[in-house]
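# What the coordinates show
Residues per chain are reported as follows:
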Amino acid sequence: MLRAVSHLPAGHGQGIPFASVVLEHDERRLRRKLLRLQNGEEVMLDFPQTITLDHQGAIQLDDGRLVEVIAAPELLYEIRARDTDHLVRLAWHIGNRHTSAQLEASRILIKRDHVLKTMLEGLGAVVTNVSEPFFAEHGAYHSHAELGHALLAR
């Protein structure tokens, strides 16, 4: 079985991948996992700590070959507001519900949830179904939580 030895960021310039793996947002954040590549081969990933694989980054295998990481399109809501102040208020309501969000200057993307859609529309947002790769912000505690899990594992 193929084994991963490291991960490389997008734009790594280390060579041309021989295969690719397509992963959703939540699947790109991992520590240990068996991945099935697009060509059907499997790769065992077992890193010392949790990492987030970059879209168009790579996984380096123990034989030196590279596997490109591709962010999968996901079913999302695109949220648009009347103006910047309104968008900030909508972002606050989304964050108050501990929902992962991709924050941009003119829109917010979240995973589809009919309850959140109803709430956001009630707050005056325009909510549209879209399908595209999702790059949510990491929560304020994500690195602290990992440290806590590492300490508990000792």
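We now turn to the structure provided with this report.

Attention now goes to the overall build of the protein chain. Scanning the protein chain from N- to C-terminus turns up three helices and ten strands. In the protein chain, the order of α-helices and β-strands from amino to carboxyl end is β-β-β-β-β-β-β-α-β-β-α-β-α. Within the protein chain, the fraction of its 154 residues that count as buried is 32%.

Another aspect to go through is the sheet that holds strand 10 (residues 126–133). Pairing is antiparallel in the open sheet, where four strands are placed in the order 8-9-7-10. Each of the sheet's edge strands pairs with one partner strand only, and the pair in question is strand 8 (102–103) and strand 10. Summarising the sheet, strand 7 (residues 73–80) and strand 9 (residues 108–111) pair through four bridges and their orientation is antiparallel. For Leu-76, the partnering residue across the bridge sits in strand 9 and is Lys-111. Across the sheet, helix 1 (residues 84–96) lies against strand 7, strand 8 and strand 9, angled at about 25 degrees from strand 9, the strand it touches most.

For the rest of this paragraph, the subject is the pattern of salt bridges. The tally for this structure, following the rule as stated, stands at ten salt bridges. As a salt-bridge pair, Glu-104 and Arg-107 come within 2.7 Å of each other at their nearest N and O atoms. Through salt bridges that share partners, Glu-78, Arg-80, Glu-104, Arg-107 and Glu-132 make up one connected network.

Here helix 1 spans 18 Å end to end across 13 residues, near enough to the 18 Å set by a 1.5 Å rise per residue. Buried within helix 1 we find His-86, Leu-87, Leu-90 and Ile-94. All buried residues of helix 1 lie within an arc of 100 degrees about the axis, which places them on one face of the element. Set apart from the buried face of helix 1 by more than 90 degrees, the exposed residues are Thr-84, Asp-85, Val-88 and Trp-92. On its buried face, helix 1 is in contact with strand 7, strand 9 and helix 2 (114–122). Where helix 1 starts, the residue carrying a side-chain oxygen 3.2 Å from the main-chain nitrogen of Asp-85 turns out to be Asp-83. Phi turns positive, to about 50 degrees, at His-98, one or two residues after helix 1.

Attention shifts here to the side chain of Gln-102. When you line up the elements, Gln-102 lands in strand 8. Side-chain polar atoms of Gln-102 contact the side chain of Glu-104, separated by 2.6 Å. Polar contacts involving the side chain of Gln-102 include one to the main-chain amide nitrogen of Phe-135, which spans 2.8 Å. Not counting residues up to four positions away in its chain, the partners in contact with Gln-102 are Arg-107, Ile-108, Leu-109, Pro-133, Phe-134, Phe-135 and Ala-136.

Cut-offs and rules
Residues numbered from 1 in each chain as written. Predicted model: local features only at pLDDT ≥ 70, side-chain atom pairs only at ≥ 80, totals over all residues. Heavy atoms only, no water. Helix = DSSP H or I, 4+ residues; strand = E, 2+ residues; numbered from the N terminus. Buried < 20%, exposed > 50% of the residue type's maximum accessible area, 1.4 Å probe, protein only. Pairing = 2+ DSSP bridges. Contact = heavy atoms within 4.5 Å. Axes fitted to C-alpha atoms, helices over the stretch in contact; angles between N-to-C directions. Salt bridge = Lys/Arg side-chain N within 4 Å of Asp/Glu carboxyl O. Expected span 1.5 Å × (residues − 1). Arc of directions from axis to C-beta. Polar contact = N/O pair within 3.5 Å; in protein donor to acceptor, adjacent residues only side chain to side chain.

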